[in-house]
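Topology and contacts: notes
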Amino acid sequence: MPAIDPNRLRRQIEELRLQVGDPSGLRRSVVRLVEEYSDRTRRQGRRESTVPGSVHRSVLQALQEALANDPDAAAQAAEALWRAEPTEAKLLAAGLLGPQHGNFAADVAERWATQGPPAKVIEAVGEFALTGWRRGDPGEFLQRAQTWLGDRNRLLALYSLRSAVRDPEFEDLPAVFQLLSGLAGGVRGESKRAFVQLIHALEARAPRETARFLDEELQTGDPNPAWMTTLLKGSTERSPR
């Protein structure tokens, strides 16, 4: 990865701004940019971004600003970047989808997640791509999350619920606990990681309720994974008396 020249990066970003009306051209330019700034020593077999966070944030902010008043163009740009091979382009696509409202964003995110992208990409989709839709219709968001938890989009559900819980504007924590009831015994691998992170997010906002939830799950759940006992112990110790 070359050293970041702020002036050169600004020029490159301005060139991207000029191509927001040409999805194919934008995709090609973004691919060139992320390949330039990615860590070549980690490219082989990589499934996560190696582009510096400062570059990603600068590019995403510029594209969001350029597309802020044209939702249709933003949606086309997001789809174009999603079809690009580099992980970094897909992460940018998730960020461009975030301001979209209505079920359109949920439908696109669901379709993306079922295509089998790396877990890091699904995490970004859950974290960033659904913000506008979720805030506009939290009830519909919870209904869709319930559906996702029961099918192959479980990972998307867990990461999008984590994003919701971290959002101070989201208030329906009891509904999240209800959605998670009885789920712990069936999570494995990346889903387990996402489940644990969601529990920690709930604990940060509602420590007593989280400890109570974990205790009830251990008493009624079948099977009771050992890691749940550890999670409950930590939550109980941190919960205010």
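This one's a predicted model, so the numbers in the text were calculated from it and none came from an experiment. (Residues numbered from 1 in each chain as written. Predicted model: local features only at pLDDT ≥ 70, side-chain atom pairs only at ≥ 80, totals over all residues. Heavy atoms only, no water.)

**Observations concerning the overall build of the chain**
For the chain, the count of helices and strands is 14 helices and zero strands. With respect to the three principal axes, the spread of C-alpha positions in the chain is 60 × 40 × 35 Å. A total of 241 residues make up the chain; the buried ones form 51% of that total. Across the chain, every contact between residues at least 6 apart in sequence was considered, and the portion connecting residues at least 24 apart equals 70%. On the chain, roughly 12000 Å² of surface is accessible, and the fraction owed to carbon and sulfur atoms is 47%. Within the chain, the 33 negative side-chain charges are centred at a point lying 6 Å from the centre of the 33 positive side-chain charges. (Helix = DSSP H or I, 4+ residues; strand = E, 2+ residues; numbered from the N terminus. Buried < 20%, exposed > 50% of the residue type's maximum accessible area, 1.4 Å probe, protein only. Contact = heavy atoms within 4.5 Å. Areas by Shrake-Rupley, 256 points an atom, 1.4 Å probe, with all protein chains shown as cover. Lys, Arg positive; Asp, Glu negative; His and termini not counted. Charge placed at Lys NZ, Arg CZ, Asp CG, Glu CD.)

**Things to note about the pattern of salt bridges**
The full count for this structure, using the stated rule, is 15 salt bridges. Residue K120 pairs with E123 through a salt bridge whose shortest N-O separation is 3.9 Å. Note that K120 and E123 are positioned in helix α7 (residues 119-128) at a spacing of three residues, about one turn of the helix. For E123, a relative accessible area of 11% translates into the label buried. If you follow the salt bridges from partner to partner, you end up with K120, E123, E127, R162, R166, E190 and R193 in one network. (Salt bridge = Lys/Arg side-chain N within 4 Å of Asp/Glu carboxyl O.)

**Focus: the packing of aromatic side chains**
Under the criterion given, the structure shown has five aromatic pairs. Taken together, a centroid distance of 4.3 Å and an interplanar angle of 5 degrees make the contact between W82 and W112 stacked. Taken together, the positions of W82 in helix α4 (residues 71-82) and W112 in helix α6 (residues 103-113) put the pair 30 residues apart, joining distant regions of the chain. Note on W82: relative accessible area 5%, which makes it buried. Of the residues examined, W112 reaches a relative accessible area of 0% and is grouped as buried. Ring centres of W133 and W148 lie 6.3 Å apart, and the angle between their planes is 55 degrees; on these two criteria the pair is classed as tilted. Taken together, the residues W133 in helix α8 (residues 131-136) and W148 in helix α9 (residues 138-149) connect sequence positions 15 residues apart. Across this residue pair, the class does not change: W133 and W148 are buried. (Phe/Tyr/Trp six-rings, centres within 6.5 Å; stacked < 30°, edge-to-face > 60°.)

**Considering the environment of S191**
When you line up the elements, S191 lands in helix α12 (residues 189-205). Judged by its relative accessible area of 15%, S191 falls in the buried class. In sequence terms S191 and E169 are 22 residues apart; their C-alpha atoms lie 25 Å from each other. The contact partners of S191, leaving out residues within four places of it in the chain, are R154, L155 and L158.

**Thoughts on the nonpolar core**
In terms of nonpolar packing, the biggest core is built from 81 residues, with V125, L161, V176, L180, F195 and L202 touching the most fellow members. Tallying contributions element by element places helix α10 (residues 154-166) first for this core, with eight residues. Leaving out residues up to four positions away in the same chain, L202 has contacts with V165, L173, V176, F177, L180, P207 and T210. (Core = buried A, V, L, I, M, F, W, Y, C linked by side-chain atoms within 4.5 Å.)

**Some thoughts on the packing of α7 against α10**
The N-to-C vectors of α7 and α10 enclose an angle of 45 degrees; their axes lie 7 Å apart at closest approach. On the basis of their axis angle, the class for α7 and α10 is oblique. The chirality of how α7 crosses α10 is right-handed. Counted together, A119, I122, E123, V125, G126 and E127 of α7 and L155, L156, Y159, S160, R162, S163 and R166 of α10 form the full contact between these two elements. Looking at the contact of α7 with α10 residue by residue, the classes come out as six nonpolar, three polar and four charged. (Axes fitted to C-alpha atoms, helices over the stretch in contact; angles between N-to-C directions. Parallel < 35°, antiparallel > 145°, perpendicular 65-115°, else oblique. Left-handed = near helix turned anticlockwise from the far one by under 90°. Nonpolar A, V, L, I, M, F, W, Y, C, P; charged D, E, K, R; others polar.)

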